[in-house]
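# Architecture and fold: a report
The lines below spell out each chain.
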Amino acid sequence: MLLQKLELWLHLTKSHGIIRRYFVVNGFDGALTMLGLITGFYLSDQAALGVVISACLGAAIALGISGFSSAYLSESAERRKALAELESAMVDDLSDSAHAYAARGIPLLIALVNGSAPLLMSLLIITPLGLAKSGVDLVIDPLLAAITCAFICIFGLGAFLGNIGGTSWLISGIKTTAIALVTVALILLIEQ
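Residues numbered from 1 in each chain as written. Predicted model: local features only at pLDDT ≥ 70, side-chain atom pairs only at ≥ 80, totals over all residues. Heavy atoms only, no water.

## Notes on the nonpolar core
For the record, the criterion: By convention a nonpolar core is built from buried Ala, Val, Leu, Ile, Met, Phe, Trp, Tyr and Cys residues, the set being connected through side-chain atoms within 4.5 Å. The rule is simple: take the accessible area with a 1.4 Å probe, protein chains only, and divide by the maximum for that residue type; under 20% is buried, over 50% is exposed, in between is partly exposed. Where helices and strands are cited, they refer to DSSP runs of H or I of at least four residues and of E of at least two residues respectively, numbered from the N terminus. By definition in these notes, contact holds between two residues if any of their heavy atoms fall within 4.5 Å.
With 26 residues, the main nonpolar core has Met34, Leu35, Ile38, Ile125, Leu129 and Ile154 as its most contacted residues. Broken down by element, the residue count for this core peaks at eight residues, all from helix 6 (residues 142-165). Among all residues touching Leu35, those that are not within four sequence positions of it are Ile147, Ala150, Phe151, Ile154, Ala180 and Val184.

## Points about the packing of aromatic side chains
The criterion, for reference: For this analysis, a ring pair means two rings from Phe, Tyr or Trp (six-membered ring only for Trp) whose centres lie within 6.5 Å, classed as stacked if their planes differ by under 30 degrees, edge-to-face if by over 60, and tilted for the remaining angles.
One pass over the structure, following the stated rule, counts three aromatic pairs. Each ring, one from Phe23 and one from Phe160, has its centre 6.3 Å from the other, and the planes form 80 degrees; the classification is edge-to-face. Of this pair, Phe23 sits in helix 2 (residues 16-44) while Phe160 sits in helix 6, placing them 137 residues apart in sequence. Since its relative accessible area comes to 32%, Phe160 is described here as partly exposed. Each ring, one from Phe68 and one from Tyr72, has its centre 6.3 Å from the other, and the planes form 5 degrees; the classification is stacked. Of this pair, Phe68 and Tyr72 are both found in helix 3 (residues 49-90), four residues apart, which corresponds to roughly one turn of the helix. Judged by relative accessible area, Phe68 falls into the partly exposed class, the value being 31%.

Bear in mind that shape data such as this cannot, by itself, settle questions of function.
Right, dumping it as structure tokens:
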């Protein structure tokens, strides 16, 4: 029942594309933020693993809350405006219609996606750090493992975009990876 309502609301508001974009954009923000933080910590070679994890978790939570709240506030305003315009065009009160329910429900769904994407991406990237902290022996340095995870996530987001856009998933993944490489290069340049 809930899934049918969500599908109707998505159809009425034509929000499928918005949700995908928010997921990718904010997932990319989370991944690049983690890549930048972890690269900085790796280059400093002085931070304890617990400090790195705490800093990354703090940034991940802030990105998640920022993504949720900013999307909810902006989408709610846009949906209220669209509903008011529809009511004006139809010269009718639609406050108890599927359009009104969608105008109230879709902003929450978009906000959940917008907030969870950077949080989940960040948590995935810092997983090697948590494993190392809990005593699991990794094949490579935990920070390098997390940096590798960041690159894999960033490539995956690019591949996803390529697939959605009907272009080469490989080329799209390479493009987003190139952005990550430029990010690391700039951090290396600044650190020197």
